[in-house]
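# Examination of the molecular architecture
As a plain string of letters, each chain reads:
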Amino acid sequence: MSGETSPIFGNLTWDVTPYTDLSRHVDISTIVGAGAASVLVLGAFVAVALLTYMRWWGPLYRNWLISADAKKIGIMYIALALVMLARGVIEGFVIRAHQATALGTLTEPESGLVAPDHFAQLFSTHGTIMIFFVAMPLLVGLINFVLPQQLGARDMAFPVLNQVSLGLTAAGAALVMVSLLVGKFGTGGWTMYPPYTGKTFSPGEGVDYWLWAVLISGVGSTLTGMNFAVTIFKKRAPGMHLMRMPLFCWTSLCVAIMLIYAMPALTVSSGMLALDRYAGFHFFTNTAGGNMMNYANIFWMFGHPEVYVLILPAFGVFSEVSATYSTKRLYGYTSLVIASMSIAVISFTVWLHHFFTMGQSAGVNIAFGIATMVIGVPTGVKIYDWMATLWRGRVRMTAPIVYLIGFFMLFVIGGLSGIILANPSIDYQVHNTTFLVAHFHNVIIPGVLFGMLAGIHYWFPKAFGFRLDETWGRRTALFFVVGFIVTFMPLYVLGLMGLPRRSPTFQNPDFLPWMYVAALGACFMLCALASLFWTFWTSYRRRVELAVPGGDPWHGSTLEWSTPAPVPEWTFATIPQVTARDHWGAAKRAGDAWKAPAAYQDIELPADTAHGIVIAGASVVFGFAMVWHIWWLAIVSALLIPAALLLRGMRTIRPRIIPAAEVAEADTRFRQFVAGLEPATRADEMTARNRGVPDIAEFAA
Ligand code: HEM
Ligand SMILES: [Cu+2]
């Protein structure tokens, strides 16, 4: 970055790209940097070329980008997350490859694949991406797709707001992507602690990329939380009282409440850091009365509840799949509801365990240490409930069950290492070592990643009308489980041996064997990723054979399984009248399933709108302009957002009406079609005979 600022281009010059670094100095680090930028450019180019060649721009715009349908929005969130997951896993691999070659000496410490600064960018983007642009969009996407269907609703309470939230999340992800090509990302880790990330120690654009990505997507997540909460409170089908909601809806409600209360803390801490950096404030500086401890406090008031935001939807998924694939009722429903809500509440009282070593009194540390351990109790209750659900069930070994078993083993180990860390005296020893890195991957990968991938496998047929290939699905799950163990178990050892996290180099040769094992594990993780994408592709190619038009491929018991697959845009031809928990299961047992309703009515659907993309576009430009100090552009793009809102406010927007006759026709066709399908037995479930209609009598036996 040059020191001068131009009124038109701000700090932006031609030599901010990694190609300049490459032209100055050719080594692995600059090649990796330029290579990543090239992959981004090439990827964008191929995508544009493909869309143009296949004439997909129109359908993409009309069917997806301007849709306010929660199901489509959910699918777009998940697509975004999978793209970002690919980048995140590859970065994880590069970090591991670097450290496996990072043995240095005291006189010549610099060693390893990439330069220290580059290494720091890598773990910072990896962490930022994985939390904000993989885990969050995965769970928000899954909730978007599933929640309204499980509640018996046609859509979210605020469909347009939902679209805007997606736009804001995508805008944040886009900024992180742009930083590959234009300038650099921050080096302060995913938490970006000041004072290191203040202006004095981190001049330049890196921290600002993080700030605007997090601020913009954070607003989106707050709005999402409100949308979920209002949907749950206001849009449930008649008869679906709270204690009849499927457990996934309960965990969604916890997530909603936590997002509403936790996200603003992140917005505040990032906003204050932005004020420090842009306007010369001193909230978190070392001088002029600033105090960085306040940053750590506010950030983790968001950060800790955030980890439960990430984990609770997975708990919801595992509750659904454990019951469905063992053809049993969920064991301990009420205790699971209470446990989820307890976790949501207690998670707001433990944030200080992230900085036991920051110098507060022993009494304070003990209080937070105990609060942290208390969370283990409701979590333990849940694990027992799921095991009891499987107990004596005739469990079908589908991919989600493989994930569930991996989760049982690994999540418990991760949870136990968390209890160890909750002891302030032990934490003093292993704080900021790779022991911690092992611990949080040990909960986050089985929890978030396994949970969400299990959920995607489970609900995929509802979205696209065909099942995912079971064999490849199970292979992927196994790859992830084994990959996890090999990658992260060595990090516990390394941490106990004293290796600090985020180390670009080390001098102890005893670390090396463990480093090699971990690097091998990272290769497995790459294989798992490839296997995941292969599962999608090979299933797509066999979509006719795997089709489940009946819509109920797993003999499910919640409402979403009562509709065709793929689910029509209006979801339910008529809003169901719920009479029991597990309404659909009860209806099937009573022989009432797939009965035509007495009458159909016109269905009102939210009108398409380009609102989300306009606001997303304006936000990306705004964030970019702020990062590069292009003030005029920042002002123009910031004004575009209220202008778009104003314009929409002045127009009369008519919802789309689907006439009753059209609904009746489609619904009748579906019901006749279902009646003609051969019901699938338990043994048929993973074969081409599964057309989405279960053989109820055989399952009951
Ligand atoms: C899939 C394979 C993955 C690999 C190989 C991997 C590897 C790594 C490595 C090597 C580090 C740096 C450790 C250090 O500081 O010494 C790291 C940090 C981190 N990872 Fe992962 N990881 C993976 C998946 C994930 C997932 C799924 C998430 C979250 C959803 C995640 C979240 C994080 C976070 C938050 C950090 C901390 C970054 C920081 O220090 O600021 N990782 N990971
Ligand atoms: Cu925490």
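## As for unusual backbone geometry
With an omega of 5°, the peptide bond between Pro-194 and Pro-195 qualifies as cis. Here Pro-195 is to be found in the loop between helix H6 (159–181) and helix H7 (206–234). The peptide bond linking Ala-565 to Pro-566 adopts the cis configuration, its omega dihedral lying at -5°. Of note in the backbone geometry, His-555 takes a positive phi value of approximately 55° without being a glycine. On the secondary structure map, His-555 appears in the loop between helix H16 (512–541) and helix H17 (583–589). In this structure, Trp-594 takes a positive phi of about 55° despite not being glycine. By the element assignment, Trp-594 lies in the loop between H17 and strand S1 (603–605).

## Notes on a nonpolar patch on the surface
On the surface, Ile-8, Phe-9, Trp-632 and Val-636 cluster together into a nonpolar patch covering about 420 Å² of accessible area. Among the secondary structure elements, Val-636 is positioned in helix H19 (residues 631–650). Relative accessible area serves as the criterion here: at 48%, Val-636 is assigned to the partly exposed category.

## What about the nonpolar core?
Leu-139, Leu-142, Phe-318, Trp-386, Phe-407, Phe-450 and Trp-459 are the most contacted members of the largest nonpolar core, which totals 186 residues. Broken down by element, this core gets its largest block of residues, 18 residues, from helix H9 (residues 292–325). In contact with Phe-450, other than residues within four places in its own chain, are Phe-318, Tyr-403, Gly-406, Phe-407, Leu-410, Ile-445, Phe-480 and Val-481.

## Digging into the site of ligand 1
Looking at ligand 1, there are 20 residues lining it, with His-126, Trp-190, His-441, Arg-501 and Arg-502 nearest. Between ligand 1 and His-126 there is a distance of 2.8 Å, counted from a nitrogen atom to a side-chain nitrogen or oxygen. In this structure, an oxygen atom belonging to ligand 1 sits 2.9 Å away from a side-chain N or O atom of Arg-501. Every element with two or more residues in the shell around ligand 1 is listed here: helix H4 (70–100), helix H5 (116–151) and helix H14 (434–464). Looking at the shell around ligand 1, its residues break down into twelve nonpolar, five polar and three charged.

## Some details on the environment of Arg-154
In this fold, Arg-154 is placed in the loop between H5 and H6. For the pair formed by Arg-154 and Glu-604, sequence separation is 450 residues and the distance between their alpha carbons is 9.2 Å. Those residues in contact with Arg-154 that lie beyond four places of it in its chain are Lys-71, Trp-570, Thr-571, Phe-572, Ala-573, Thr-574, Ile-575, Ile-603 and Leu-605. A polar side-chain atom of Arg-154 sits 3.0 Å from the main-chain carbonyl oxygen of Trp-570. One polar contact links the side chain of Arg-154 to the main-chain carbonyl oxygen of Phe-572, over a distance of 2.7 Å.

## Topic: the pattern of salt bridges
Opposite charge on two side chains permits pairing when their charged atoms draw close. Considering all chains together, one arrives at 14 salt bridges under this definition. Put simply, Arg-329 and Asp-582 hold a salt bridge, and the shortest N to O gap is 3.8 Å. With Arg-329 in the loop between H9 and helix H10 (333–346) and Asp-582 in the loop between H16 and H17, the pair connects residues that are 253 residues apart, well separated along the chain. Exposure remark for Asp-582: the relative accessible area of 19% places this residue in the buried category. Of the charged contacts in the structure, one is a salt bridge between Arg-542 and Glu-545, with a shortest N-O distance of 2.9 Å. When its relative accessible area of 28% is taken as the criterion, Arg-542 is described as partly exposed.

## Brief notes about the coordination of the iron atom of ligand 1
Every protein donor of the iron atom of ligand 1 is listed here as His-126 (NE2) and His-441 (NE2), and their distances to the metal cover 2.0 Å. Bound by six donor atoms, the iron atom of ligand 1 shows angles of 87 to 179° at the metal and therefore octahedral coordination geometry. Taken together, the positions of His-126 in helix H5 and His-441 in helix H14 put the pair 315 residues apart, joining distant regions of the chain. Assessed through its relative accessible area of 14%, His-126 is described here as buried.

## So, the packing of aromatic side chains
Given two aromatic rings, their pairing is described by the distance between the two centres and the angle made by the two planes. Per the counting criterion, the structure on display carries 41 aromatic pairs. Arranged with centres 5.6 Å apart and planes meeting at 80°, the rings of Phe-299 and Phe-302 form a pair that is edge-to-face. With a gap of three residues between them, Phe-299 and Phe-302 both fall in helix H9, about one helical turn apart. This pair shows no difference in class: Phe-299 is buried, exactly as Phe-302 is. Just above the ring of Trp-472 sits the side chain of Arg-475; from NZ or CZ to the centre is 4.6 Å. One Lys or Arg, Arg-581, reaches over the ring of Tyr-333 and ends 3.6 Å from the middle of that ring.

## Details of the state of the cysteines
Scanning the entire structure with this criterion turns up zero disulfides. The cysteine Cys-254 is free of any disulfide, with Cys-249 supplying the nearest cysteine sulfur at 11 Å. Look at Cys-254 and you get buried, because its relative accessible area is 0%. Between Cys-523, a free cysteine, and Cys-527, which holds the nearest cysteine sulfur, the sulfur-to-sulfur gap is 7.0 Å. The partly exposed category is assigned to Cys-523, whose relative accessible area is 32%.

## A look at H6
Side chains three or four residues apart in an α-helix point the same way, a direct result of the helix having 3.6 residues per turn. When the terminal C-alpha atoms of H6 are compared, their 34 Å separation across 23 residues agrees well with the 33 Å that a helix rising 1.5 Å per residue should span. Within H6, 18 of the 23 residues are buried, which leaves the element mostly enclosed by the surrounding structure. Where H6 terminates, the next one or two residues include Gly-183, which has phi positive at roughly 80°.

The rules we used
- Residues numbered from 1 in each chain as written.
- Chains lettered and ligands numbered in written order.
- Predicted model: local features only at pLDDT ≥ 70, side-chain atom pairs only at ≥ 80, totals over all residues.
- Heavy atoms only, no water.
- Helix = DSSP H or I, 4+ residues; strand = E, 2+ residues; numbered from the N terminus.
- Patch = residues over 30% accessible without salt bridge, like charges linked within 9 Å, V, L, I, M, F, W, Y side chains within 5 Å.
- Areas by Shrake-Rupley, 256 points an atom, 1.4 Å probe, with all protein chains shown as cover.
- Salt bridge = Lys/Arg side-chain N within 4 Å of Asp/Glu carboxyl O.
- Buried < 20%, exposed > 50% of the residue type's maximum accessible area, 1.4 Å probe, protein only.
- Core = buried A, V, L, I, M, F, W, Y, C linked by side-chain atoms within 4.5 Å.
- Contact = heavy atoms within 4.5 Å.
- Near = heavy atom within 4 Å.
- Polar contact = N/O pair within 3.5 Å; in protein donor to acceptor, adjacent residues only side chain to side chain.
- Nonpolar A, V, L, I, M, F, W, Y, C, P; charged D, E, K, R; others polar.
- Donors = N, O, S within 2.8 Å, 3.2 Å for Na, K, Ca; no water.
- Tetrahedral: all angles 85-135°; square planar, octahedral: opposite > 155°, others 65-115°.
- Phe/Tyr/Trp six-rings, centres within 6.5 Å; stacked < 30°, edge-to-face > 60°.
- Lys NZ or Arg CZ within 6 Å of the ring centre and 35° of its normal.
- Disulfide = S-S within 2.5 Å.
- Expected span 1.5 Å × (residues − 1).

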